[in-house]
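Spelled out, the chains give:
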Amino acid sequence: MSQKDVEKESFTLYDPLPRKLKKDKTLVQVPKDPKQFVTSFLRAAAPRKRGEQLEKLSSRKEMVMDAVKPKRRTERRRGRKKKALSNKQKKELNMNNIPKELQKYEMYEPLHQLWLDYMRDSLQLKNPTVTAENLHIKLLRCDLHGSIMTVTKSKCPSYIGQCGIVVQESRNAFKMITKADVMKTIPKASTIFTMSIDNLVVNIYGNHLRFRAGDRANRKFKVKPTIDL
Amino acid sequence: MVEFLSPKSKTIFESSAFIHKNSRHTSCVSDHYFNHAVEVFLPCCDSLPDAVQVSSPQRQEYYAVKRLPLAELTNAEFVSRFVKAGRLYVLSIGQHIDTHNVAAILPTGRLILSVNKDTYQELGLEGKPSQFEKPRKVTKYSVEVNLVAESFCKGKKNYERVQWCFKDRLDLTFDFLLAWQPNDPSQSLDDLGSFWSSKYECLRVEQRQHSFQMRNQSIPVIDSSLLLHRQHKSNQDASRMNGSSQGCEETQVRSCDAAEVYEWLGAVACQCDCSGASDSFVNTYRCPEPSQQVSSSVCHRWTGLITSERILHMLDALRSKVECSRMPWAALTVHGFTDSPVSWGSREHGFSKYGNNLYTFVIFPKEQRYWLIMGIGDHDVCP
Amino acid sequence: MSGFQRVVSKDTAEKFYLKVALEFENPDTRIDSVQFRALVSKALHQLYGETGASIPVDILRFQDDTMEAILRVSGRSLVKVWSALTLLGEYAQEECAIRVTQVSPHLLALAVDSRHFFQNLPS
């Protein structure tokens, strides 16, 4: 069978050979000289810029294939990661702060309602099988943003009686918005907070809760020796 | 044998004259606000002289109110009707200052609260840690509220905060003693009683009296110019001296030491046995030498809540009495309350094993001289 | 001659005074002042041995009916006397207790007791 026949008949079955191969006859034919075959194959397959290295390759000398211009690659990777800001940068850009015009108590009242629903849902207070111990664990893990908290006991008398909706929680402090539309930062250390969910009144010993809100969710709590402030 | 540290004591001896321009007898009496008992000792007397009897606190009554909330004492109506309209003495009783909370209103219109750590952390009023506590281990705080300050009126933040703290935060109730000296003579103590009589249990209390007479007793001979000659000689460095030096180099001392007199007055007040022999098994105490025999002497005591104005009156009456009679000297002792939060002025007072704050005047007929002996405890500030 | 003089003594008090009350299990038991002095010696001997028993203690006053006493001790031995009295539990085969009601370096201060005065207010 001649080549032309094949082309005609297998028109739908086979693709024609690439043009490169057609140019270089040595590739199509069964090579007599393997060295020649390798060089021509490499020339066809290798990227264009590596042309100078081909001779080295064909002379079967050892050479390192990777680490070709590694700098450019890593640079590109770092650049991609930079899309998120670090905590420090966030702080510098004042992203953690709530602007003054948004510090309105009524703005956060829906948040409180949402939080109440969330607490009712997760604590299941109406369910008679819920025991106090279960409740403690759940309360430790739950999110406190949106709760109305009152300082009932503190080493510093001026904090006592402060009351508001929690809008931010950090490792060492709660930020709350009081009814007078002022944002107050209350340190957790040596303070006892009180919040209420329907009929349940919860006292929170700030000393024992000095973790970030996210960390608290899956953390093993250690028993502290004292509840003294 | 093991030695234990014994508690410290502070005693102040002063010698001066009533007519001296820098005499501090008036400030000593009037700054000591809460007086529990007054006692006079008059040698060479058969009975209490009328002049002293008239000026005595006998007819001064005071009120005891049971379970009165502190909010009632700080509300604007009470402050304007009583605190600002006279000298009001209020002191809580029944609570010990070293363990519980104590409250007092000074005649200057200041409310002093001495509270323990737990109460302080819940109360919400700014205060100072007690002076006598170790730093970082404070268990007592003293809170001061100026009731006559301009900012303390209805509608002002300070007033609302204080009211809220006493009403909503903590329900601080005490049994109180109240005495009142109105500026306006048309008013009387009855107003104070009727102010609450519908809501709280108010009792009108009389001063309790106690009197006894001693016959054929030996009393110490005192020379008013020799205050502490014996001690002075022995440890001159330890004592602080002011004014003229004393003729203590005399070999023959013909007077009793102030410390001895002070002890002896105590022995008389406690009706102790002063006839001990030096080799006695039970008691070796006896009247200090030199002494003199007197046929009869009188000791009279009033106990209750006595205002300092009344004591000033008494001191004046006693002074004129001593001057014109043949008494060698006379003594007036005033005892403060153990559990009062202040001793003199607004100086803090505390309790450590004992909480005395008392002073004694020994009055001499010659040159209007007097000795003033003040006894205070470890937890006290020197007046 | 006439002048102002002020001396402040701040050190450990030379003398201390204790007001104590003796109670027996059997309320009818009565002792006199000499017996009471022996009781104090016994208490001191029990806790501090011979040297303790030699601590000088003066009984300034002993009331036979209420068995209340006022003792005078030196400031250095106050703690010893106080502890010995507190720990005494028995005298002459009879159970007893000593209550220390007041302690002071000022004898005058023992004449009144404001802490207990208002406990029996008429109501």
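Owing to the predicted nature of the structure, the values given are computational and were not obtained by experimental measurement.

Caption draft 1: Representation of the packing of aromatic side chains in the model. Tallied over the entire structure, the rule returns 24 aromatic pairs over all chains. Look at Tyr120(B) and Tyr141(B): their rings are 3.9 Å apart centre to centre, the planes differ by 5 degrees, and that puts the pair in the stacked class. One end of the pair, Tyr120(B), is in helix α5 (residues 117-123); the other, Tyr141(B), is in strand β8 (residues 140-146), and 21 residues separate them in sequence. For the pair Tyr120(B) and Tyr141(B), one class covers both residues: buried. Following the ring pairs from residue to residue traces out a cluster consisting of Phe18(B), Trp344(B), Tyr359(B), Phe361(B) and Tyr370(B). One Lys or Arg, Arg37(C), reaches over the ring of Phe281(B) and ends 5.3 Å from the middle of that ring. Seen from the ring of Phe351(B), Arg115(C) lies directly overhead, with NZ or CZ sitting 3.8 Å from the centre.

Caption draft 2: Quick look at the side chain of Thr333(B). Examined against the element boundaries, Thr333(B) turns out to sit in strand β13 (residues 330-336). Judged by its relative accessible area of 3%, Thr333(B) falls in the buried class. Polar side-chain contacts of Thr333(B) include one of 3.5 Å to the side chain of Thr360(B). Excluding its chain neighbours within four sequence positions, the residues that come into contact with Thr333(B) are Ala37(B), Val38(B), Glu39(B), Leu358(B), Tyr359(B), Thr360(B) and Leu108(C).

Caption draft 3: A look at the domain arrangement of chain B. Residue and element names in this part refer to chain B. Under the domain assignment used here, chain B contains domain 1 (9-59 + 209-377) and domain 2 (62-205). The C-alpha-based centres of domain 1 and domain 2 are spaced at 33 Å. Summed over both partners, the interface of domain 1 with domain 2 comes to about 1900 Å²; 69% of that surface belongs to carbon and sulfur atoms. Of all residues in domain 1, Leu305, Asp339 and Glu348 bury the most surface against domain 2, accounting for 34% of the area lost on that side. Between domain 1 and domain 2 we count one salt bridge in total. One salt bridge connects Arg87 with Glu309, and the closest N-O pair in it is separated by 2.2 Å. For the side of domain 1 that touches domain 2, the elements supplying multiple residues, two or more each, are β12 (291-306) and α10 (308-324). Grouping the constituent residues of the side of domain 1 that touches domain 2 by class yields seven nonpolar, ten polar and three charged.

Caption draft 4: Quick peek at a nonpolar patch on the surface. Judged by side-chain polarity, Leu85(A), Leu93(A) and Met95(A) come together as a nonpolar surface patch covering roughly 290 Å² of accessible area. Positionally, Leu93(A) belongs in the loop between α7 (87-92) and α8 (105-123).

Caption draft 5: Fine view of the interface of chain A and chain B. In this complex, chain A contributes eleven residues to the contact, which on the side of chain B involves twelve residues. For chain A, the biggest contributors to the area lost against chain B are Lys153(A), Pro157(A) and Ile160(A); these three give 56% of the whole. The interface formed by chain A and chain B contains two salt bridges. The shortest N-O distance in the salt bridge between Asp118(B) and Lys153(A) comes to 3.5 Å. On the surface where chain A and chain B come into contact, there are six residue pairs in polar contact (both at pLDDT 80 or more). Class assignment of the residues belonging to the side of chain A that touches chain B gives a composition of four nonpolar, four polar and three charged.

Caption draft 6: Quick look at the packing of helix α4 (residues 76-83) of chain B against helix α7 (residues 189-196) of chain B. All names here are of chain B. In contact at an axis separation of 11 Å, α4 and α7 are set at 165 degrees when each is read in the N-to-C sense. In terms of their interaxial angle, α4 and α7 are classed as roughly antiparallel. In this structure, α4 meets α7 at a crossing whose hand is left-handed. Each of Glu77, Phe78, Arg81 and Phe82 in α4 lies in contact with α7, whose residues at this interface are Asp191, Leu192, Phe195 and Trp196. In the contact of α4 with α7, the residues fall into five nonpolar, no polar and three charged.

Caption draft 7: Seen up close, a negative patch on the surface. Residues and elements named next belong to chain C. Together, Asp32, Asp64, Asp65 and Glu68 line one region of the surface with negative charge. In this fold, Asp65 is placed in the loop between β3 (58-62) and β4 (68-74). When its relative accessible area of 54% is taken as the criterion, Asp65 is described as exposed.

Parameters at a glance
- Position labels on residues start from 1 in each chain and follow its written sequence.
- All chains are assigned letters beginning at A, and all ligands numbers beginning at 1, according to the order in which they are written.
- Under the rules for a predicted model, residues below a pLDDT of 70 receive no local features and side-chain atom pairs below 80 are neither given nor counted, while totals for whole chains, interfaces and linings still include all residues.
- Excluding hydrogens and water, the side-chain values take into account all heavy atoms of the structure.
- Centre distance within 6.5 Å is the pairing criterion for rings of Phe, Tyr and Trp, where only the six-membered ring of Trp is used; planes under 30 degrees apart are then read as stacked, over 60 as edge-to-face, and the remainder as tilted.
- Comment: elements are numbered from the N terminus, with helices defined as DSSP H or I runs of at least four residues and strands as E runs of at least two.
- Burial here depends on accessible area, computed with a 1.4 Å probe over protein chains only, as a share of the maximum for the residue type. Under 20% is buried, over 50% is exposed, and the range in between is partly exposed.
- Look at NZ for Lys and CZ for Arg. If either is within 6 Å of the ring centre and within 35 degrees of the ring normal, a charge sits over the ring.
- For this analysis, a polar contact is any N or O atom pair within 3.5 Å, provided that within protein one partner can donate a hydrogen and the other can accept it, and provided that sequence-adjacent residues contribute only side-chain to side-chain pairs.
- The contact criterion used is simple: two residues touch if any of their non-hydrogen atoms lie within 4.5 Å.
- Throughout, the edges of the domains are those of an automatic or database domain assignment.
- Using a 1.4 Å probe, buried area is obtained as the accessible area two parts lose upon being combined, added over both of them.
- Salt bridges are identified by distance alone: a Lys or Arg side-chain nitrogen within 4 Å of an Asp or Glu carboxyl oxygen.
- Gly counts as polar in this scheme, as do all residues outside two lists: the nonpolar Ala, Val, Leu, Ile, Met, Phe, Trp, Tyr, Cys and Pro, and the charged Asp, Glu, Lys and Arg.
- What goes into a patch is any residue over 30% in relative accessible area without a salt bridge, connected to like charges within 9 Å or, for nonpolar side chains (Val, Leu, Ile, Met, Phe, Trp, Tyr), within 5 Å.
- Areas reported here follow the Shrake-Rupley algorithm with a probe of radius 1.4 Å; residue values treat only the protein chains shown as occluding.
- Every axis in this analysis is a line fitted to C-alpha atoms, fitted for helices over the stretch in contact. Angles between the N-to-C directions lie between 0 and 180 degrees.
- By the definition adopted for this analysis, an angle is roughly parallel if under 35 degrees, roughly antiparallel if over 145, roughly perpendicular if from 65 to 115, and oblique otherwise.
- Two helices cross in a left-handed way if the nearer one is turned anticlockwise from the farther one by less than a right angle. They cross in a right-handed way if the turn is clockwise.
- Think of it this way: Lys and Arg go in the positive column, Asp and Glu in the negative one, and His and the chain ends go nowhere.
- Just so you know, the charge point we use is NZ for Lys, CZ for Arg, CG for Asp and CD for Glu.

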